[in-house]
Amino acid sequence: MAALQTIEAGTLLVASAFPDPPFEVEQEGVATGFDAELMRAVCGQIGLRWQLTKYEDDDFNGIFDGLRTHSYDAVASGTTITPEREKVALFSEPYLESGQSLIVNTTRTPHITSTADLVDQVVGIQIGNTSDIVAKELKEEGKLAAIRYYPYHGILHLLDDLTAGRIGAVMNLLPVATWLVKDRPDLDVVQEIHTNEFLGIAFAPDNRGLRDAVNTALRSLREGGAIDRLKRRWLE
């Protein structure tokens, strides 16, 4: 097999945005989570060493610029495949399907049980999160008062504002939302929003060889049950 095209020979530089549990988790100073474990397994399949690059800019969509500038080889960060993103990156086959969800402060606003109850509410969104698509549609339809944007890495600040009543709700991918409310007794996921989003790994548009090798690895991991084991560990 021909050598895979990577920035550093023998290494796969992978960008992920922290924190974004359960996909990107830091435990006792160690970077882990669904994506880190998945990419370690992928690297084992294709004979490369996994190396993390933490993406720290405010807008998640800026993460794809690093593929073009060869700052890293791939993006694995709970990333929804969208037509807009496919214009700037090459994506693997999906490794997971998810939807959005609505988090509210059930102590302060028990009457909010779905997006139908947001007409006078401000919803918090991370910049570049695909939940913004849902929120904008609701606002255009007059079903949402306003959207407040937070830096992508500021997700904990966003939840603090929801706990304090400074915003009325938060939207995020369901696995992320479920993880984030575990230790916040006033917050709960009250609605799953069926957006049917497919998550994939992104590559530079001209690196089809690497994308194809990763697709082969993903199929092997899926057939061997490794991805199901990751789901049970991180998503259930």
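In case you missed it, the structure is sitting above this.
Since the model is a prediction, treat every value here as computed from it, not as a measurement.

Calculation notes
- Residues numbered from 1 in each chain as written.
- Predicted model: local features only at pLDDT ≥ 70, side-chain atom pairs only at ≥ 80, totals over all residues.
- Heavy atoms only, no water.
- Buried < 20%, exposed > 50% of the residue type's maximum accessible area, 1.4 Å probe, protein only.
- Helix = DSSP H or I, 4+ residues; strand = E, 2+ residues; numbered from the N terminus.
- Arc of directions from axis to C-beta.
- Core = buried A, V, L, I, M, F, W, Y, C linked by side-chain atoms within 4.5 Å.
- Contact = heavy atoms within 4.5 Å.
- Pairing = 2+ DSSP bridges.
- Axes fitted to C-alpha atoms, helices over the stretch in contact; angles between N-to-C directions.
- Salt bridge = Lys/Arg side-chain N within 4 Å of Asp/Glu carboxyl O.
- Phe/Tyr/Trp six-rings, centres within 6.5 Å; stacked < 30°, edge-to-face > 60°.
- Lys NZ or Arg CZ within 6 Å of the ring centre and 35° of its normal.
- Parallel < 35°, antiparallel > 145°, perpendicular 65-115°, else oblique.
- Left-handed = near helix turned anticlockwise from the far one by under 90°.

Another point: helix α4 (residues 131–140). Ser131, Asp132, Val134, Ala135 and Leu138 are the residues of α4 that are buried. Burial along α4 is one-sided: seen end-on, the buried residues are contained in an arc of 160°. Backbone geometry just downstream of α4 places Gly142 in the positive-phi region, at approximately 75°.

It is worth spelling out the nonpolar core at this point. Among the nonpolar cores identified, the biggest contains 46 residues, and Leu38, Val42, Ile46 and Ile201 are the most heavily contacted of them. What Ile201 contacts, discounting residues up to four positions off in sequence, is Met39, Ala74, Val75, Ala76, Leu90, Phe91, Ser92, Tyr95, Val214 and Leu218. With 15 residues, the next largest nonpolar core counts Leu13, Ala15, Tyr72 and Phe91 among its residues.

What follows concerns the sheet that holds strand β4 (residues 49–55). Pairing is mixed across the open sheet formed by five strands, whose spatial order is β4-β1-β5-β12-β6. In this open sheet, the two strands that pair with only one neighbour each are β4 and β6 (90–91). Here seven bridges tie strand β1 (residues 11–17) to β4, and the two strands are oriented parallel to one another. Across the sheet, residue Ser16 finds its bridge partner in β4, namely Lys54. Contacts between helix α1 (residues 34–46) and the sheet are confined to β1 and β4, with β4 contributing the most and set at about 145° to the helix.

Going through the model one piece at a time under the given rule, you end up with eight salt bridges. A salt bridge links Glu141 to Lys143; the nearest nitrogen and oxygen atoms lie 3.3 Å apart. Judged by relative accessible area, which is 42%, Lys143 ranks as partly exposed. Between Asp160 and Arg184 there is a salt bridge, with the nearest N and O atoms lying 3.0 Å from each other. Taken together, the residues span a long stretch of sequence, with Asp160 in helix α5 (residues 155–164) and Arg184 in the loop between α6 (174–180) and β11 (187–199) at a distance of 24 residues. Classification of Asp160 as partly exposed rests on a relative accessible area of 35%.

What follows concerns the packing of aromatic side chains. Centre distance and the angle of the planes are the two values used to describe a pair of aromatic rings. A full pass over the atoms with the stated rule returns six aromatic pairs. When the ring of Phe60 is compared with that of Phe64, the centres are 6.0 Å apart and the planes differ by 85°; the resulting orientation is edge-to-face. We note Lys54 situated over the ring of Phe18; from NZ or CZ to the ring centre the distance is 4.9 Å. The side chain of Lys182 reaches across the aromatic face of Trp179, ending 3.6 Å from its centre.

Take the packing of α1 against helix α8 (residues 226–234) next. At a closest axis distance of 10 Å, the pairing of α1 and α8 adopts a crossing angle of 160°. Comparing their axes, α8 and α1 come out roughly antiparallel. Regarding α1 and α8, the two cross each other, and that crossing is right-handed. Residues Phe34, Glu37 and Leu38 of α1 lie in contact with α8, whose contacting residues are Ile227, Leu230, Lys231, Arg233 and Trp234.

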